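The lines below spell out each chain.
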Amino acid sequence: MDMSLVVKGQESIERYGYDAWDRYRYIILNHLCTKYSPDKLKERVRELYFETDHECDTPNIHAIAEIIDEENQLIIEEFYASFNYSENDIDDIVSQYNHHISPVIDVWVEESLQVLGYPYRGSAFNSYNSEAPNMFTDKAQNILFKGFL
Amino acid sequence: MSSQLGTILDFMMRPGVEYNMQKRKYWGVLFHQKFNAPLSAIVASAFFAIEMENVSVNPKGQFFYYVEDDWGPSPYPITGDEILSSFQAFSPAGNITAPLPNLLNHIGKLNEDVRKRSRIIFSPGRIEKNDIILKFQKYPDGVVRARNAKIQKVFIPVNGPFPADFGMRNQFYKCRILEQLESEVLVEVIDIYGKVRLGIKHSPHGFVPDNMEAINDLSGFPPELIYGINYTEPQRWLPFPTHIDCMMLYDLLKVFTIIETKFIDILFSYDPNKPIVIKNRKENPLDPQINVIVATLNQTFGAQRR
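Summarised in this report is the structure supplied together with it. (Residues numbered from 1 in each chain as written. Chains lettered and ligands numbered in written order. Predicted model: local features only at pLDDT ≥ 70, side-chain atom pairs only at ≥ 80, totals over all residues. Heavy atoms only, no water.)

**Here we look at the side chain of B:Ser269**
Residues and elements named next belong to chain B.
Here is step 1 of the chain: Summarising the element assignment, Ser269 is placed in the loop between β15 (263–268) and β16 (276–280).
Here is step 2 of the chain: When its relative accessible area of 7% is taken as the criterion, Ser269 is described as buried.
Here is step 3 of the chain: There is a polar contact of 3.3 Å between the side chain of Ser269 and the backbone oxygen of Asp271.
Here is step 4 of the chain: Setting aside chain neighbours within four positions, we find Ser269 in contact with Phe90, Ser91, Ala93, Pro239, Lys274 and Pro275. (Helix = DSSP H or I, 4+ residues; strand = E, 2+ residues; numbered from the N terminus. Buried < 20%, exposed > 50% of the residue type's maximum accessible area, 1.4 Å probe, protein only. Polar contact = N/O pair within 3.5 Å; in protein donor to acceptor, adjacent residues only side chain to side chain. Contact = heavy atoms within 4.5 Å.)

**Some points on the pattern of salt bridges**
Two side chains carrying opposite charge are able to pair once their charged atoms lie near each other.
Residue and element names in this part refer to chain A.
Here is step 1 of the chain: Per the stated rule, a full pass over the model turns up six salt bridges over all chains.
Here is step 2 of the chain: Across the pair Glu47 and Arg44 runs a salt bridge whose closest N-O atoms are separated by 2.7 Å. Placement of both Glu47 and Arg44 in helix α3 (residues 38–51) is noted, with a separation of three residues, approximately one turn of the helix.
Here is step 3 of the chain: Salt bridges linked by common partners bring Arg44, Glu47 and Glu71 together as one network. (Salt bridge = Lys/Arg side-chain N within 4 Å of Asp/Glu carboxyl O.)

**Re the layout of surface pockets**
Gaps left between atoms show up when a probe the size of a water molecule is rolled over them.
Residue and element names in this part refer to chain B.
Here is step 1 of the chain: Taken as a whole, the second largest pocket holds about 300 Å³ of empty space.
Here is step 2 of the chain: Along the walls of the second largest pocket sit 17 residues, with Glu51, Glu53, Leu84, Gln88 and Asn291 positioned nearest its centre.
Here is step 3 of the chain: Looking at the lining of the second largest pocket, the elements with two or more residues in it are β3 (48–55), α2 (80–89) and β16.
Here is step 4 of the chain: Residue classes in the lining of the second largest pocket are distributed as seven nonpolar, six polar and four charged. (1 Å grid on protein atoms, 1.4 Å probe; cavity = no way out; pocket = protein on both sides within 12 Å on 5 of 7 lines; lining within 4 Å. Points joined across faces, edges and corners; volume = space filled by probe spheres on them. Nonpolar A, V, L, I, M, F, W, Y, C, P; charged D, E, K, R; others polar.)

**Comments concerning a negative patch on the surface**
Residues and elements named next belong to chain A.
Here is step 1 of the chain: On the surface, a cluster of negative charge is contributed by Glu77, Glu78, Glu87, Asp89, Asp91 and Asp92.
Here is step 2 of the chain: Elements supplying a minimum of two residues to the negative patch: α4 (61–81) and α5 (87–100).
Here is step 3 of the chain: It is α5 that provides the largest number of residues to the negative patch, a total of four residues.
Here is step 4 of the chain: Checked against the element boundaries, Glu87 lands in helix α5.
Here is step 5 of the chain: Residue class for Glu87 comes out exposed when judged on its relative accessible area of 65%. (Patch = residues over 30% accessible without salt bridge, like charges linked within 9 Å, V, L, I, M, F, W, Y side chains within 5 Å. Areas by Shrake-Rupley, 256 points an atom, 1.4 Å probe, with all protein chains shown as cover. Lys, Arg positive; Asp, Glu negative; His and termini not counted. Charge placed at Lys NZ, Arg CZ, Asp CG, Glu CD.)

**What to know about the packing of aromatic side chains**
The geometry of two aromatic rings is summed up by the distance between their centres and the angle between their planes.
Here is step 1 of the chain: Taken as a whole, this structure holds 10 aromatic pairs over all chains when the rule is applied.
Here is step 2 of the chain: Taken together, a centroid distance of 5.3 Å and an interplanar angle of 55° make the contact between A:Phe148 and B:Tyr76 tilted. Remark: B:Tyr76 occurs in the loop between β4 (64–66) and α2 and A:Phe148 occurs in the segment after α7 (124–128); the pair is interchain, linking two chains.
Here is step 3 of the chain: Through successive ring pairs, a cluster of aromatic residues spans A:Phe79, A:Tyr80, A:Phe83 and A:Tyr85.
Here is step 4 of the chain: The ring of B:Phe11 has B:Arg14 sitting right over it, with the charged end atom 5.1 Å from the ring centre. (Phe/Tyr/Trp six-rings, centres within 6.5 Å; stacked < 30°, edge-to-face > 60°. Lys NZ or Arg CZ within 6 Å of the ring centre and 35° of its normal.)

Structure (structure tokens):
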């Protein structure tokens, strides 16, 4: 068994007790890449920004968010599997994660990219509200009056 | 037409001609009157607009147009109202007051190739992992304490860049945690939080994501190329770093030299993709007011070219 998981399990018991849902809270706060651990999220976004294949274009936030989401799910599955939780229980917890966390990872990635000052494509804000400003467009120069071009 | 006004308009025209080089039909000064307001003279391109308020004389000439009169059609594809509404739509997050002659002098000294590959950057810096933002208060016993019960010890550097009324104002400070115990935390006061600086940056390696964090932080900039320190009460957050093409800003700043202004106010917004506004600071009420609005650059892509 992965010893780091044992350590995580011990920590989770000390802090939050034996209950699976308390452990879920523990793992979100301490080990997943989410807004609750902003430094970890920012560092991972920065790594993925340069690592992910963006087909020679400005990196897309969905591509980065998708990888973070998959990694988070894998951590949850491995963590609970190491304590012999049944597959049904693990599925329950992962679906809970998918319901609450997965949909907002795009937004968190976008916020991290804004803090880092990197340009990106696929603003989550824009897809919900076309009036919302896109903090970093992928054009070379912002244009004040398009009629002049 | 007074000769002074004619000279000012000539100065306004210069960037208008240079940045409308492709479409010569846009060469011109548009005179615009809104309701009963005094006349405004406007020069515009895709990237900027220059407005001079309160033009008292209606000049006539080959490149001067007055839409509501019979002098000729508007030189521009959009109306004066549309151009001026961009000034009204602008909502500033803060401003920097910069000495115009110094700024022009520093940019002017740069080799033209360097100037073309330089940017003007407005940046609030960033907060490191161990930094916290605190307010302080001077208590009746004369001791300055943080307004946070956990912060018991505060280390204030003797030569820190702080005003004499440290702790008296309703000001946030950026602090670094030196020691963290169970019941108390020792912090060192590093800087005032809410400070936006203006820097001139030539990056021989270009402006790419690899070096953007250091550029946005203005780290490694020579002190003489950093201007204007703006202390603002931080509200929700500080503005994001904003980039402007150095060459274009230089061309626009030259417009202000005709009215012999010493200081200019540069207003910026939270959104780095929103334009910035530059105004001259009037030294007497009769001085002309010139307002410039200019589009920003996307941080990691090339500059506009004439």
